[in-house]
Amino acid sequence: MKKFFEEFKEFAMQGNVLDMAIGVVIGGAFSTIVTSLVNDIIMPIVGAITGGLDFTGFVITLNAGTGLTLKIGNFIQSVVNFLIIALCIFCAIKAINKMHKPHEEEAPAPEVDERLETLKEIRDILKDQK
């Protein structure tokens with residue numbers, strides 16, 4: 001049993017597991033921020049543009065007697081949440097990659113050796129003659 005716990009400790013302390021755990025926790029916090037961004041900032045703007053419509057109130061009633069409804073507005077809200085979360089994650093990863101990667105300056109174009117170019121032209125002419 002002691003060996004089992006030692007193996008588990010080794011597994012749990014690997015860098016990848018800890019990195020993933022930290023990512024999940026930060027992702028949960030980030031999700032709350034993005035949800036607030038969508039609910040409190042984006043959707044009111046969309047509602048103002050569409051004449052004050054509240055998307056979460058959009059429903060399609062399938063059977064009035066049983067109260068069976070399709071909550072189309074909630075689905076639209078979820079799609080907007082997903083798109084904004086994906087955009088924010090993309091921008092964050094792009095910014096992180098930019099910080100990690102040193103700025104590569106474009107190398108000047110190599111100088112063209114005229115003799116080499118002449119030899120290439122002769123080679124191409126000889127190929128065409130065959």
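One can find the structure itself at the top, above this paragraph.
In this text, all values refer to a predicted model and were calculated from it rather than measured experimentally.

Caption draft 1: Main features of the overall build of the protein. A count of helices and strands for the protein gives four helices and two strands. When the helices and strands of the protein are read in sequence order from the N terminus, they spell out α-α-β-β-α-α. In terms of overall dimensions, the protein is more spread out than a globule: its C-alpha atoms have a radius of gyration of 30 Å, far above the 14 Å expected for 130 residues. Dimensions of the protein, computed from C-alpha atoms along their principal axes, come out at roughly 90 × 65 × 35 Å. In the protein, which comprises 130 residues, the share counted as buried stands at 7%. Counting only contacts in the protein whose residues sit at least 6 apart along the sequence, the fraction spanning at least 24 positions is 36%. Accessible area for the protein stands at about 11,400 Å²; split by element, carbon and sulfur atoms hold 66% of it. Computed over 12 positive and 16 negative side-chain charges, the separation of the two mean positions in the protein equals 7 Å.

Caption draft 2: Seen up close, the nonpolar core. Ranked by size, the top nonpolar core spans five residues in total: V34, V38, M43, F55 and I84. A total of three residues in this core trace back to one element, the largest contributor, which is helix α2 (residues 15-49).

Caption draft 3: Spatial organisation of the layout of surface pockets. In this structure, the largest pocket encloses a volume near 220 Å³. Around the largest pocket, the lining residues are I26, G27, F30, S31, I85, I89, A92, I93 and I96. Counting only elements with at least two residues in the lining of the largest pocket, the list comes to α2 and α3 (72-100). Broken down by element, the residue count for the lining of the largest pocket peaks at five residues, all from α3. Split by residue class, the lining of the largest pocket holds seven nonpolar, two polar and no charged.

Reading guide: rules and limits
- Residues numbered from 1 in each chain as written.
- Predicted model: local features only at pLDDT ≥ 70, side-chain atom pairs only at ≥ 80, totals over all residues.
- Heavy atoms only, no water.
- Helix = DSSP H or I, 4+ residues; strand = E, 2+ residues; numbered from the N terminus.
- Rg over C-alpha atoms; globule rule 2.2 N^0.38 Å.
- Buried < 20%, exposed > 50% of the residue type's maximum accessible area, 1.4 Å probe, protein only.
- Contact = heavy atoms within 4.5 Å.
- Areas by Shrake-Rupley, 256 points an atom, 1.4 Å probe, with all protein chains shown as cover.
- Lys, Arg positive; Asp, Glu negative; His and termini not counted.
- Charge placed at Lys NZ, Arg CZ, Asp CG, Glu CD.
- Core = buried A, V, L, I, M, F, W, Y, C linked by side-chain atoms within 4.5 Å.
- 1 Å grid on protein atoms, 1.4 Å probe; cavity = no way out; pocket = protein on both sides within 12 Å on 5 of 7 lines; lining within 4 Å.
- Points joined across faces, edges and corners; volume = space filled by probe spheres on them.
- Nonpolar A, V, L, I, M, F, W, Y, C, P; charged D, E, K, R; others polar.

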